Amino acid sequence: MMMAERKNRLLLTAFLALMLSACSSPSQEGQAAQKLRPMVHTEEMELACKNQAAYRYNTQPQRINLSDFKQYQASYEMMGSTARKEGFTCSFDESGQFSHLSSRENLNQRATT
């Protein structure tokens, strides 16, 4: 009886160790799927863009309007304008981290020319 109980405990311990090791390291397939999954427009990206533009144009983030989002192979762009029609583009890297803000010509000037 003691031998059977010992064997069962040993099997249970081995099983639990196997399960824990499977849970602690992600499979190669899961990692590959994450790398291939396309990034999408996120609220964090919008917030970063609005905050950066508000700082650049000396206004409040609430007065920043975002109008377009483009996804490229290894980057993303978000276009927008201020309440004064000053245009800009926010650029993000492939992981969605803010990269830089580029000014565009004043949207009022473009409409009148």
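This is a predicted model, so every value here is computed, not measured.

What counts, and where the lines are drawn
Within any chain, residue numbers begin from 1 and follow the written order of that chain's sequence. This being a predicted model, a pLDDT of at least 70 is required before a residue's local features are given, and a value of 80 or more before pairs of side-chain atoms are given or counted; all residues contribute to the totals for chains, interfaces and linings. Based on all heavy atoms of the structure, the side-chain values leave hydrogens and waters out of the count. For the purposes of this entry, the term helix denotes a DSSP run of H or I that reaches at least four residues, the term strand denotes a run of E that reaches at least two, and both are numbered from the N terminus. Here the term buried applies to any residue with accessible area under 20% of the maximum for its type, exposed to any over 50%, and partly exposed to those in between, with areas from a 1.4 Å probe on protein chains only. Throughout, a residue-residue contact means that at least one pair of heavy atoms, one from each residue, lies within 4.5 Å. Only the protein chains shown count as covering a residue, and every accessible area follows the Shrake-Rupley method with a 1.4 Å probe. Polar contact is the term for a pair of N or O atoms within 3.5 Å; when the atoms are in protein, one must be able to donate a hydrogen and the other to accept it, and sequence-neighboring residues count only if both atoms are side-chain atoms. For salt bridges, the criterion is a side-chain nitrogen of Lys or Arg within 4 Å of an Asp or Glu carboxyl oxygen. Confidence scores per residue from the predictor, reported as pLDDT, run from 0 to 100. Two cysteine sulfur atoms make up a disulfide if the distance between them is within 2.5 Å. A helix's residues, less one, multiplied by 1.5 Å, set its expected span. In this description, the arc belongs to the directions extending from the helix axis to the C-beta atoms.

The secondary structure content of the protein chain amounts to 4 helices and 4 strands. Its helices and strands taken in sequence order, the protein chain reads α-α-α-β-β-β-β-α from the N to the C terminus. Classification of the 113 residues of the protein chain by burial places 20% in the buried group. Considering only contacts in the protein chain between residues 6 or more positions apart, those separated by 24 or more positions represent 32%. Surface accessibility of the protein chain: about 8,900 Å² in total, with carbon and sulfur atoms responsible for 54%.

In this structure, Ser-99 sits in strand S4 (residues 98-106). C-alpha separation for the pair Ser-99 and Cys-49, spaced 50 residues apart in sequence, amounts to 9.7 Å. Excluding residues within four positions of it along the chain, Ser-99 makes contact with Ser-91, Phe-92 and Asp-93. Looking at Ser-99, its side chain comes within polar contact range of the side chain of His-100, at 3.3 Å.

With that out of the way, let us pick up the pattern of salt bridges. Pairs can form between side chains of opposite charge whenever their charged atoms are close. Applying the stated criterion across every chain, the model contains 1 salt bridge. The salt bridge partner of Glu-86 is Arg-84, with a shortest N-O separation of 3.2 Å.

With that out of the way, let us pick up the confidence of the model for the protein chain. For the protein chain, per-residue confidence averages 78 on the pLDDT scale, and 60% of positions sit at 70 or higher. Considering only residues more than four positions removed or in separate chains, one finds that residues 29-37, a stretch of pLDDT under 50, has 1 contact.

The next thing to look at is the state of the cysteines. Applying the stated criterion to the full structure yields 1 disulfide. Between Cys-49 and Cys-90 runs a disulfide, and the two sulfur atoms are separated by 2.0 Å. For the disulfide bridge between Cys-49 and Cys-90, the dihedral angle about the S-S bond is near 85°, and by the sign convention the bridge is right-handed. In this pair, Cys-49 sits in helix H3 (residues 43-56) while Cys-90 sits in strand S3 (residues 86-93), placing the two residues 41 residues apart along the sequence. Residue classification places Cys-49 among the buried residues on the basis of a relative accessible area of 0%.

Right, let's get into H3. Relative to the 20 Å expected for 14 residues at 1.5 Å per residue, H3 spans 20 Å between its end C-alpha atoms, a close match to the ideal helical length. Among all positions in H3, only Met-45, Cys-49, Ala-53 and Ala-54 are buried. Along H3, the residues classed as buried sweep out an arc of 160° about the axis, all on the same side. In H3, those exposed residues whose orientation departs by more than 90 degrees from the buried face are Glu-43, Glu-44, Leu-47 and Tyr-55.

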